[in-house]
Amino acid sequence: MELEYLTTGGIIAESLSRFIPVWIALAVTLVGGWFVRDRLSTFGRLYGSPVGLAGITLVLFWVFTALFADMIAVLEAREVAFLMKKAQPGGIDPQSGIAFLWGGDNLGRDVFSRVVYGSRVVLIIAPAATLIAYMVGITLGLPAGYNGGWIDSVLSFVANLVLAFPVILLFYLLVTPEIRALQYDTWLLGWMGVGWSIPRAMAAFFFLFPILFLTIMWFTKYEKNRTRLLTYGGITALVGFWIYFGIAFGWEPKIGEIPLNLALDPNELNVFAAVVFASSPGVFRIVRGLTMDIKTRDYVAAAQTRGERPWYIMLWEILPNARGPLIVDACLRIGYTTILLGTLGFFGLGLEPESPDWGSMINHGRQFVRLASTAHMALFPALALMLLVLGLNLMADGLREESLKD
Amino acid sequence: MLIFILKRLGVIALSMVCLTLVVFYMVNLDPNLEKIAKTQGSMRMTDAEVESWLERNGYREPFLEQYGSWLVNFVQGDMGDSLRFQKPVEEVMPERLGYTGILMFWVMLVMVPGALIIGVLAGMREGSTLDRSLSVASITSTSAPEYVTGILFTVIFASTLGWFKGIASTREITFENFTLPVLTMSIYGMGYIARMTRASMAEVMTSQYIRTARLKGMAFRQVVLKHALRNALIAPFTVIMLQFPWLLTGVVIVEAMFNYKGFGWLLVRAAENNDIDLLLACSCVAVVVVLLTQLISDIGYAYLNPRIRVR
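Rules and cut-offs
Residues numbered from 1 in each chain as written. Chains lettered and ligands numbered in written order. Predicted model: local features only at pLDDT ≥ 70, side-chain atom pairs only at ≥ 80, totals over all residues. Heavy atoms only, no water. Helix = DSSP H or I, 4+ residues; strand = E, 2+ residues; numbered from the N terminus. Rg over C-alpha atoms; globule rule 2.2 N^0.38 Å. Buried < 20%, exposed > 50% of the residue type's maximum accessible area, 1.4 Å probe, protein only. Contact = heavy atoms within 4.5 Å. Lys, Arg positive; Asp, Glu negative; His and termini not counted. Charge placed at Lys NZ, Arg CZ, Asp CG, Glu CD. 1 Å grid on protein atoms, 1.4 Å probe; cavity = no way out; pocket = protein on both sides within 12 Å on 5 of 7 lines; lining within 4 Å. Points joined across faces, edges and corners; volume = space filled by probe spheres on them. Nonpolar A, V, L, I, M, F, W, Y, C, P; charged D, E, K, R; others polar. Patch = residues over 30% accessible without salt bridge, like charges linked within 9 Å, V, L, I, M, F, W, Y side chains within 5 Å. Areas by Shrake-Rupley, 256 points an atom, 1.4 Å probe, with all protein chains shown as cover. Salt bridge = Lys/Arg side-chain N within 4 Å of Asp/Glu carboxyl O. Phe/Tyr/Trp six-rings, centres within 6.5 Å; stacked < 30°, edge-to-face > 60°. Lys NZ or Arg CZ within 6 Å of the ring centre and 35° of its normal. Axes fitted to C-alpha atoms, helices over the stretch in contact; angles between N-to-C directions. Left-handed = near helix turned anticlockwise from the far one by under 90°. Disulfide = S-S within 2.5 Å. Domains from an automatic or database assignment. UniProt positions renumbered as here; feature names shortened; annotations may be inferred. Core = buried A, V, L, I, M, F, W, Y, C linked by side-chain atoms within 4.5 Å.

Before we move on, can you summarise the overall build of chain A with the specific residues and values?
Each helix and strand in chain A was counted, giving 19 helices and five strands. Here the C-alpha radius of gyration of chain A, 24 Å, is about what a compact globule of 406 residues would show, namely 22 Å. Across the 406 residues in chain A, those meeting the buried criterion constitute 52%. Counting contacts in chain A only where the partners sit at least 6 residues apart, residues at least 24 apart contribute 71% of the total. For chain A, the distance from the average position of its 29 positive side-chain charges to the average position of its 30 negative side-chain charges is 8 Å.

Right, dumping it as structure tokens:
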């Protein structure tokens, strides 16, 4: 059966108009941000650099796309239209009258809607994994750089070990259905209802660091101020352990009828833990290097003379002064994590095959890429991924340029 | 210096033992062994049959004993047998490494000079239009991983224009089928090396001796070529050597994408079939490449820059 097609101009116009919520949100944020740019410190200064502004616009575009995905996408990510198998971009589904702007894939799913929903998967996992990797890297990198000695030697050896291991081999060993399925029956099974598995053990180890980091932070700052220490420490412990047990152990608590469920799908947990594992050593190395540099400064010597404890100096003297390079690195690293996620998807590891994340879509479409008529299946997710990473890299470049102006 | 190198070689050996131990543990987990038993025996084996198969083939010996015997054999040059290819690993491996070597040779040939030229051009006049446009171009290239550029190039040059082929065969290496894989791999690393070269070049251009050379009336071209270049190329050297771990991932992606049967292809086959000996050999090769290039970069850096003293 012959399909009706939109013209190229029609596809572009229709694509632009479907993103209307994003354009409005972008305009509001960027214009609003311009008025309060003086109060936004580092990020406010991005308005002075065209490159940085272009970067943040691209990043915000995907952030808003992920937020408003339900309004933008016309179909569900897994919804199948039988007549639209391998449809060219701009084809109109005769059954529903919906235009498949970026074509249909080989199962008849709308590539446009899948790319839009895919931004959700990517923009949740990549920044969250980077955040946790940062907590791990900071909590271990600060003492390694500050104290040196055997702590430094051991931690650096382990970090270099992980870095020397090819990422792809790491993923092939860690992110497989076999590894996920392997459950050890121990006391944990009786207690939490789930057994230990390798991804769960990794998650349980890595996700402890954010709580550890915040607790040390409050303790060093408010050691003498009991009420504050108890308030902040209490909130951290309560929220922290709720998230911790929810994500790492699939705990599903309820208050009355309201479920407070954070449990991740085992696939997602596995991907999450593997990505954190792969990117923490990099953060560790950067934090360690910066700490070794900053600990020779006068204000650190002053704090030492005052008799401050090492952890206070690390967290409240050294860390704030390392924030410039760390923010730049964080932007780059979110992009790098996005690439890692894409690599996982490209090899069909991790997330389930129907998942609309961009890497899986590229993997799915790459067998059809050699024919011009079916190339769109992999082309659009590839462009989407590239634009997001490009945005993050441009933003990092803008931030670095602006911070060098001081 | 000799003590430094020996120490580093010791660390490399220790790293190898640690990493192979981890890989050995992972591939010998129960579900992975079951997979081997079922692909080697038959898919319809019962649990008891799987168990007896594993028992018979020595997979149920104590873990450290198995690892020890593998290690002893490996050190003596016997890497074991590949289950997937039914051949000793020593026969499978060199052929594939050779193919990847050819690919890497061309990648290096395109990537390194290209990156250095872009970096030097951008860095010699910091803030100029040329600098800005080249910088944005290199940021764009670092934003597109191999699986994105590979798709883009295939769509543009192979599917639409039909200039090159989207498949690279190991049997015949021609301009037509080798251009796309080489371009795909070099573009991603090129941006990164170019940015490092640019930063290093820009720093050198602000130094005193460059100003002196300019003030004594030397032509700009001469200053760049004779004075700046030499010092500006020290930092990129390290960066190029440290690119190897990334290139390795790139090799796996590019070989999968263009169906080029080299080392990356072998690694994926080994991992998918849980081919224990082959996988261990592959990881050893990968880790040795990474650690040796790190060592070379450290030694080279000390050699090129006399201000750095190796402790």
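Explain unusual backbone geometry residue by residue, including any values.
All names here are of chain B. Positive phi values are uncommon outside glycine, yet Asn259 reaches one of about 55 degrees. Looking at the secondary structure, you find Asn259 in the loop between helix 12 (244–258) and helix 13 (263–272). Overall, the relative accessible area of 39% leaves Asn259 in the partly exposed class.

Quick one: what's the story with the layout of surface pockets, residue by residue and with numbers?
The rolling of a water-molecule-sized probe over the atoms marks out the regions of remaining empty space. Size it by volume and the second largest pocket reaches roughly 580 Å³. Along its surface, the second largest pocket is lined by 23 residues, and Val158, Val162, Phe206, Phe277 and Pro281 of chain A are the ones closest to its centre. Looking at the lining of the second largest pocket, the elements with two or more residues in it are helix 6 (111–147), helix 7 (149–164), helix 8 (167–174), helix 11 (198–206) and helix 14 (266–294) of chain A together with helix 1 (2–27) of chain B. Per-element tally for the lining of the second largest pocket: the top contributor is helix 7 of chain A, with five residues. Its residues assigned to classes, the lining of the second largest pocket shows 21 nonpolar, two polar and no charged.

So what's going on with a negative patch on the surface? Residues and values would help.
Residues and elements named next belong to chain B. On the surface, Asp78, Asp81, Glu90 and Glu91 cluster together into a negatively charged patch. In this fold, Glu90 is placed in helix 5 (residues 89–124). For Glu90, a relative accessible area of 32% puts it in the partly exposed group.

Give me the packing of aromatic side chains: which residues, what numbers.
Residues and elements named next belong to chain A. In the structure shown here, the tally under the stated rule is 31 aromatic pairs over all chains. Centre to centre, the rings of Phe346 and Phe347 are 5.2 Å apart; their planes meet at 90 degrees, and the pair counts as edge-to-face. The exposure class of Phe346 is buried, given its relative accessible area of 0%. Taking relative accessible area as the criterion, Phe347 reaches 10% and is therefore assigned buried. Connected via pairs of aromatic rings, a cluster forms that spans Phe19, Trp23, Phe61, Trp62, Trp102, Phe112, Trp358 and Phe380. Of note, Arg18 hangs over the ring of Phe112, and the distance from its end group to the ring centre comes to 4.9 Å. Sitting over the face of the ring of Trp316, Lys221 holds its NZ or CZ atom 4.5 Å from the ring centroid.

Tell me what's going on with the packing of helix 6 of chain A against helix 14 of chain A, and back it up with residues and numbers.
All names here are of chain A. Running from N to C, helix 6 and helix 14 cross one another at 40 degrees; their axes reach a closest spacing of 6 Å. Seen from above, helix 6 lies across helix 14 with right-handed handedness. Considering only residue class, the contact of helix 6 with helix 14 consists of 18 nonpolar, six polar and one charged.

Can you explain the state of the cysteines? Please cite residues and give values.
Residue and element names in this part refer to chain B. Enumeration according to the criterion identifies zero disulfides over all chains in this entry. Sulfur of Cys284: no disulfide; nearest cysteine sulfur belongs to Cys282 and is 9.4 Å away. Residue classification places Cys284 among the buried positions, given a relative accessible area of 5%.

How would you summarise empty space enclosed by the protein if you had to cite specific residues and measurements?
Residue and element names in this part refer to chain A. This structure, assessed with the given rule, holds three cavities of 30 Å³ or more. One number sums up the size of the largest cavity: a volume of about 50 Å³. Surrounding the largest cavity, Asp105, Arg109, Val111, Arg114, Met361, His364, Gly365 and Met377 form its lining. Broken down by element, the lining of the largest cavity gets its largest block of residues, three residues, from helix 18 (residues 358–365).

Lay out the domain arrangement of chain A in plain terms, naming residues and giving numbers.
Partitioning chain A into structural domains gives domain 1 (4–118 + 358–404) and domain 2 (126–331). Between the C-alpha centres of domain 1 of chain A and domain 2 of chain A the distance comes to 32 Å.

So, the UniProt feature "transmembrane region" (unreviewed entry) in chain B: which residues are in play, and what are the values?
Residue and element names in this part refer to chain B. Feature annotation in UniProt places "transmembrane region" (unreviewed entry) on residues 9–27, 103–123, 144–166, 178–195, 233–258 and 278–304, given in this structure's numbering. From the first C-alpha to the last, residues 9–27 spans 27 Å; its make-up is 100% helix and 0% strand. In the segment residues 178–195, helix accounts for 100% and strand for 0%; the C-alpha atoms at its two ends are 26 Å apart.

Give a description of the domain arrangement of chain B that names residues and reports values.
How big an interface is tends to be stated in terms of accessible area lost as the parts join. Examined at the domain level, chain B breaks down into domain 1 (2–78) and domain 2 (92–276). The straight-line distance from the C-alpha centre of domain 1 of chain B to that of domain 2 of chain B is 36 Å.

With reference to specific residues and values, describe the nonpolar core.
Of all hydrophobic cores here, the largest spans 172 residues; its most connected members are Val115, Phe171, Phe207, Phe347 and Trp358 of chain A together with Tyr147 and Ile151 of chain B. When residues no more than four places from it in sequence are discounted, the contact partners of Val115 of chain A are Trp62, Trp102, Trp358, Met361, Phe380, Pro381 and Ala384 of chain A. One finds Tyr134, Phe213, Val287 and Leu326 of chain A within the second-largest nonpolar core, a separate group that totals 21 residues.

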